[in-house]
Amino acid sequence: MAAPREAAERRPFGRRFLTDPTRLFQHNAWDNVEWSEEQEASARIKVQENSSQLLPQDKQEEYEVNAKRYWDDFYKIHENGFFKDRHWLFTEFPELAPNRNPSPNGDSAPGFGNKEESNSEGLENGHCSLETKTENQFNLLQNTPKICPEEVATQKCRELTPGDGDYPGSSASYRILEVGCGAGNTVFPILQTNNDPGLFVYCCDFSTTAVDLVQNNAEYDSSRCFAFVHDLCNDQSPFPMPDESLDVVILIFVLSAILPEKMQSMVTRLSRLLKPGGLMLLRDYGRYDLAQLRFKKGQCLADNFYVRGDGTRVYFFTQAELDDLFTRAGLEKIQNLVDRRLQVNRGKQMTMYRVWIQCKYRKPAAPQ
């Protein structure tokens, strides 16, 4: 039966714990649950079954070559209506809004509390997603200038390559980069919440369509934010900021979309951008998450790596794998924990177990 994880072992994600099994269907979700040995064994068997038949190599290469097109198609179809703004970020990662005042109940997000829709990532077509948040629909503006459109992305980004200290956000005192920004569901909550006049937020995505959505958002402010197209797997693709210029790099459900053999190079490149003492923050899919268990035979590309029906791909991590990626990049562990969440369909009397991993790693301070 689900039980609360020991507080000494981890900082809880959310605040609702199932201590009385008879109350299981009283709420939509419960935080930080433990799995029984039988439950974990059952999940392991499901993964063995759905990964027993791998896609042919030529199909795997096709998904890699066309990865950008699949994500462009995803955002053309869903635009800004697929993901919900991630206001839970400030509870889990207070570094994103260091001057934010906690609410009286101890949560750092006013009105956050235990609202399941505010601190969870749902499941739709195997994606990490939530229901459409209509009150936050983006207002598309036709005249917002585009930065790095697809046909000239490489050329324009080379023009933005930093030189002599003059680059977007060069005068800022606190710089954040979100990788895999999508339609802006992390970027805009940060800009709305963090009122530090010295803040500057960079955001990039593999998908030109996604970056267009960010740039065309009514809340996009080029004096505080710079959105650009970037292929992290291309070592020759330049960043618009110099090495050791960032205070924070954010990776929210993005590393899992990368071909596993390219992950280390990507993390290492990003670590070079951090200032000494800078942080890399990650939240991503954990091993045996419901999304992994729902895949069918024939969707597996490699161990724990799958392709969804829309052509996008996803990997499911262990804590040890992520620790290895970050430490090999020269970063020091601050936090590496598993969040297991029990979601409940009260109408159908069904339970759904989600598994995420959350990490904070720091670049060592420069020697005195």
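Residues numbered from 1 in each chain as written. Predicted model: local features only at pLDDT ≥ 70, side-chain atom pairs only at ≥ 80, totals over all residues. Heavy atoms only, no water.

The name that an unreviewed UniProt entry assigns to the protein chain is METL2 protein, with the source organism given as Galbula dea. Regarding the protein chain, the UniProt comment filed under Subcellular location (unreviewed entry) reads as follows: "Cytoplasm". According to UniProt, the comment filed for the protein chain under the heading Sequence similarities (unreviewed entry) is "Belongs to the methyltransferase superfamily. METL family." (UniProt positions renumbered as here; feature names shortened; annotations may be inferred.)

(A) Region of interest: the pairing of strand β6 (residues 225–229). Burial within β6 is extensive, with five of its five residues counted as buried. Covered by surrounding structure in β6 are C225, A227 and V229 together with F226 and F228, the residues of both alternating faces. Judged from the five bridges that link them, strand β5 (residues 199–205) and β6 form a sheet pairing that is parallel. Residue D205 lies in a different strand from β6, and its bridge partner there is V229. Handedness of the β5-helix α8 (residues 208–215)-β6 crossover: right-handed. (Buried < 20%, exposed > 50% of the residue type's maximum accessible area, 1.4 Å probe, protein only. Helix = DSSP H or I, 4+ residues; strand = E, 2+ residues; numbered from the N terminus. Pairing = 2+ DSSP bridges. Right-handed = clockwise from strand over helix to strand, strands pointing away.)

(B) Quick peek at the environment of G180. On the secondary structure map, G180 appears in the loop between β4 (174–179) and α7 (187–193). Separated by 23 residues in sequence, G180 and C203 have C-alpha atoms that sit 7.4 Å apart.

(C) Representation of the nonpolar core in the model. Core analysis: the largest hydrophobic core is formed by 86 residues, its most contacted members being L96, L177, V179 and L270. Contacts of V179, omitting those with residues within four sequence positions, involve C204, L232, V249, I250, L251, V254, M266 and L270. (Core = buried A, V, L, I, M, F, W, Y, C linked by side-chain atoms within 4.5 Å. Contact = heavy atoms within 4.5 Å.)

(D) Expanded view of the packing of helix α9 (residues 263–273) against helix α11 (residues 319–328). The N-to-C vectors of α9 and α11 enclose an angle of 45 degrees; their axes lie 8 Å apart at closest approach. Between α9 and α11, the angle falls in the class oblique. Where α9 crosses over α11, the handedness of that crossing is right-handed. Taking contact as the criterion, the partners of M263, Q264 and V267 in α9 are, on α11, D324, L325, F326 and R328. When the residues that make up the contact of α9 with α11 are grouped by side-chain class, the tally is four nonpolar, one polar and two charged. (Axes fitted to C-alpha atoms, helices over the stretch in contact; angles between N-to-C directions. Parallel < 35°, antiparallel > 145°, perpendicular 65-115°, else oblique. Left-handed = near helix turned anticlockwise from the far one by under 90°. Nonpolar A, V, L, I, M, F, W, Y, C, P; charged D, E, K, R; others polar.)

(E) Layout of the side chain of R283. When you line up the elements, R283 lands in strand β8 (residues 274–285). In this structure the side chain of R283 is engaged in a polar contact, spanning 3.0 Å, whose partner is the side chain of D339. (Polar contact = N/O pair within 3.5 Å; in protein donor to acceptor, adjacent residues only side chain to side chain.)

(F) Expanded view of the confidence of the model for the protein chain. Mean pLDDT over the protein chain: 75, with 65% of residues reaching 70 or higher. For the protein chain, the element scoring lowest by mean pLDDT is helix α5 (residues 116–119), at 32; α11 scores highest, at 98. The model gives residues 1–10 a pLDDT under 50, and that stretch makes 25 contacts with residues more than four places away or in other chains. Note on residues 102–160: pLDDT under 50 across the span, and 134 contacts to partners over four residues away in sequence or across chains. (pLDDT = per-residue confidence, 0-100.)

(G) Region of the structure containing the pairing of β5. The buried fraction of β5 is high, at seven of seven residues. Because side chains alternate across β5, one face comprises the buried residues L199, V201, C203 and D205, and the other comprises F200, Y202 and C204, equally buried. Across six bridges, β4 lies against β5 in parallel orientation. The residue bridging Y174 from the neighbouring strand is L199, located in β5. Taking the sense of rotation as the criterion, the β-α-β connection linking β4, α7 and β5 turns out right-handed.

(H) How the structure looks around the packing of aromatic side chains. Scanning the model with the defined rule gives ten aromatic pairs in all. Between F295 and F316, the ring centres sit 6.3 Å apart and the planes meet at 70 degrees, which makes this aromatic pair edge-to-face. You can see F295 sitting in the loop between α10 (290–293) and β9 (300–302) and its partner F316 sitting in the loop between β11 (313–315) and α11, a full 21 residues away along the chain. Here F295 matches F316 in class, with each residue buried. (Phe/Tyr/Trp six-rings, centres within 6.5 Å; stacked < 30°, edge-to-face > 60°.)

(I) The arrangement of the sheet that holds β11 in detail. Strand order in the open sheet formed by three strands is β9-β10-β11, and the pairing between neighbours is antiparallel. With one partner strand each, in any of the chains shown, β9 and β11 form the two edges of the open sheet. Across the sheet, the mean angle separating the axes of adjacent strands is 30 degrees when strand polarity is ignored.

(J) Spotlight on the pattern of salt bridges. Following the criterion strictly, the structure yields seven salt bridges and no others. For K363, the salt bridge goes to E244, with nearest N and O atoms at 3.7 Å. Highlighted residues: K363 in the segment after β13 (350–362) and E244 in the loop between β6 and β7 (246–252), separated in sequence by 119 residues. Classification of K363 by relative accessible area gives buried; the value is 14%. Assessed through its relative accessible area of 46%, E244 is described here as partly exposed. Between E321 and R287 there is a salt bridge; the shortest N-O distance is 3.0 Å. Of this pair, E321 sits in helix α11 while R287 sits in the loop between β8 and α10, and the two are 34 residues apart along the sequence. Judged by relative accessible area, which is 27%, E321 ranks as partly exposed. (Salt bridge = Lys/Arg side-chain N within 4 Å of Asp/Glu carboxyl O.)

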